[in-house]
Amino acid sequence: MDHEDALKAVENKVRGLPGVIDFIYLDADLRENIVALESACEKNGACGGLMPYINTGVWETLRRQQCFVLIISSSAMLLGPTKDLVYIADKKGQVIGEYLTPERREEFKERTDVSFLGEDFILYMNVEPEGEPFFVLPEMPFDFLKGIDDVIDVTSASISTLSDDYIRDRFGYKATKHWTHLVGFNLATKADQ
């Protein structure tokens with residue numbers, strides 16, 4: 001399959017997913033704007049600036065040759081819950097707190113080595129943080145592209161509210177409650193095959 005056919009196959013497959021309202025490949029301008037907005041968010045920090053954060057998922061996704069953004073219906077559950085939706089790490093890379101999916105909450109309810117911050121976020125009491133802790137938004141799986149020839153290294157990410165607002169406004173969805181998601185992939189070369 002040539003690369004143009006692969007790009008069309010990706011778009012056709014994703015546009016057919018339930019809840020997908022729009023599909024936009026990133027051009028240089030859109031990519032630059034997302035980079036600037038995500039950088040500004042990281043500079044401002046999480047929790048009203050109380051804690052630094054890094055969106056490793058966005059940066060890994062933007063490293064891919066091809067990226068697209070999805071506009072997804074506010075009522076759609078396209079992406080299932082993922083274990084590593086958001087967590088708190090320290091400078092050593094230790095996870096000192098994390099979001100729990102509804103499925104994982106039960107297994108932590110009786111544990112004495114964790115402290116719940118609300119119903120879906122825990123801190124590990126037995127982990128001694130090294131350096132300043134920070135929130136991490138990691139890469140997320142996006143398995144919908146499996147089986148498309150020449151599409152490799154697929155990853156995806158949740159983008160910041162600033163990027164989400166910018167994208168919805170730019171493409172005519174500002175007045176909606178739709179949400180956005182960033183996906184990236186590489187195209188295989190003969191050396192990869």
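The notes below deal with the structure included here. Think of each chain on its own: its residues are numbered from 1, step by step along the sequence as written. Two thresholds apply to this predicted model, a pLDDT of at least 70 for residue-level local features and 80 or more for giving and counting side-chain atom pairs, whereas whole-chain, interface and lining totals are computed over all residues. Here the side-chain values reflect all heavy atoms present in the structure, with hydrogen atoms and water set aside.

### A look at the overall build of the chain
Now for step 1: The helix and strand inventory of the chain stands at five helices and ten strands.
Now for step 2: Values of the radius of gyration come from C-alpha atoms, whereas the globule rule sets the reference at 2.2 Å times the count of residues to the power 0.38. The globule rule puts the C-alpha radius of gyration for 193 residues at 16 Å, and the 18 Å found for the chain is close to it.
Now for step 3: Along the longest, intermediate and shortest principal axes, the C-alpha atoms of the chain span 55 × 40 × 30 Å.
Now for step 4: Contact criterion: two residues are considered in contact whenever any of their non-hydrogen atoms come within 4.5 Å of each other. Considering only contacts within the chain whose residues lie at least 6 apart along the sequence, 72% involve residues at least 24 apart.
Now for step 5: Charged side chains of the chain number 20 positive and 33 negative; the gap between the two group centres comes to 2 Å. Put simply, DSSP H or I for four residues or longer makes a helix, DSSP E for two residues or longer makes a strand, and each gets a number counted from the N terminus. We score Asp and Glu as negative and Lys and Arg as positive, and we do not count His or the chain ends. Charge coordinates come from a single atom per side chain, which is NZ of Lys, CZ of Arg, CG of Asp or CD of Glu.

### Structural notes on the nonpolar core
Grouped burial of nonpolar side chains is what soluble globular proteins tend to show.
Now for step 1: What we call a nonpolar core is a set of buried Ala, Val, Leu, Ile, Met, Phe, Trp, Tyr and Cys residues that are connected through their side-chain atoms within 4.5 Å. Burial classification: accessible surface area is computed with a 1.4 Å probe over protein chains only, and a residue below 20% of its type maximum counts as buried, one above 50% as exposed, and the rest as partly exposed. Core analysis: the largest hydrophobic core is formed by 21 residues, its most contacted members being Val10, Val14, Phe68, Leu70, Phe142 and Leu145.
Now for step 2: Here this core takes four residues from helix H1 (residues 3-15), the largest share from any one element.

### Describing the pairing of strand E3 (residues 66-72)
Now for step 1: Burial runs high along E3: six of the seven residues are buried.
Now for step 2: In this structure, strand E1 (residues 20-25) lies alongside E3, joined through five bridges in antiparallel fashion. Note on E3: the bridge partner recorded for Asp22 is Ile71. A pair of strands is considered paired only if DSSP assigns at least 2 bridges between the two.

### Things to note about the sheet that holds strand E9 (residues 151-157)
Now for step 1: In spatial order, the strands read E1-E3-E10-E9; together these four strands make up an open sheet with antiparallel pairing. One side of each edge strand has no neighbouring strand; the edge strands of this open sheet are E1 and E9. On average, each strand axis in the sheet is tilted by 25° relative to the strand beside it, whichever way the strands run.
Now for step 2: Between N-to-C directions, angles cover 0 to 180 degrees, with each direction set by a line fitted to C-alpha atoms, over the stretch in contact for helices. Relative to E1, H1 is tilted by about 160°, and along the sheet it contacts E1, E3, E9 and strand E10 (179-187).
Now for step 3: Of the strands in this sheet, E3 and E10 are in contact with helix H5 (residues 161-170), which crosses E10 at around 95°.

### So, the packing of aromatic side chains
Now for step 1: Two rings from Phe, Tyr or Trp (for Trp, the six-membered ring) form a pair when their centres sit within 6.5 Å of each other. Planes less than 30 degrees apart are called stacked, planes more than 60 degrees apart edge-to-face, and all others tilted. Applying the stated criterion to the full structure yields eight aromatic pairs.
Now for step 2: Between Phe68 and Phe142, the aromatic rings sit 6.2 Å apart at their centres with planes inclined by 75°, giving edge-to-face as the arrangement. Separated by 74 residues along the polypeptide, Phe68 in strand E3 and Phe142 in the loop between strand E8 (134-136) and E9 bring together distant segments of the chain. Phe142 matches Phe68 in its accessibility class, with the two residues each being buried.
Now for step 3: Pairwise contacts between aromatic rings join Phe23, Tyr25, Phe68, Phe142, Phe144 and Phe185 into one cluster.

### Some remarks on the pattern of salt bridges
Now for step 1: We count a salt bridge whenever a side-chain nitrogen from Lys or Arg sits within 4 Å of a carboxyl oxygen from Asp or Glu. Here the structure, examined in full by the defined rule, presents 15 salt bridges.
Now for step 2: Here Glu60 and Arg63 are joined by a salt bridge, their closest N and O atoms 2.6 Å apart.
Now for step 3: Owing to a relative accessible area of 58%, Arg63 belongs among the exposed residues under this scheme.
Now for step 4: Here Asp143 makes a salt bridge to Lys146, at a shortest N to O gap of 3.8 Å.

That is the geometry; function is a separate question.
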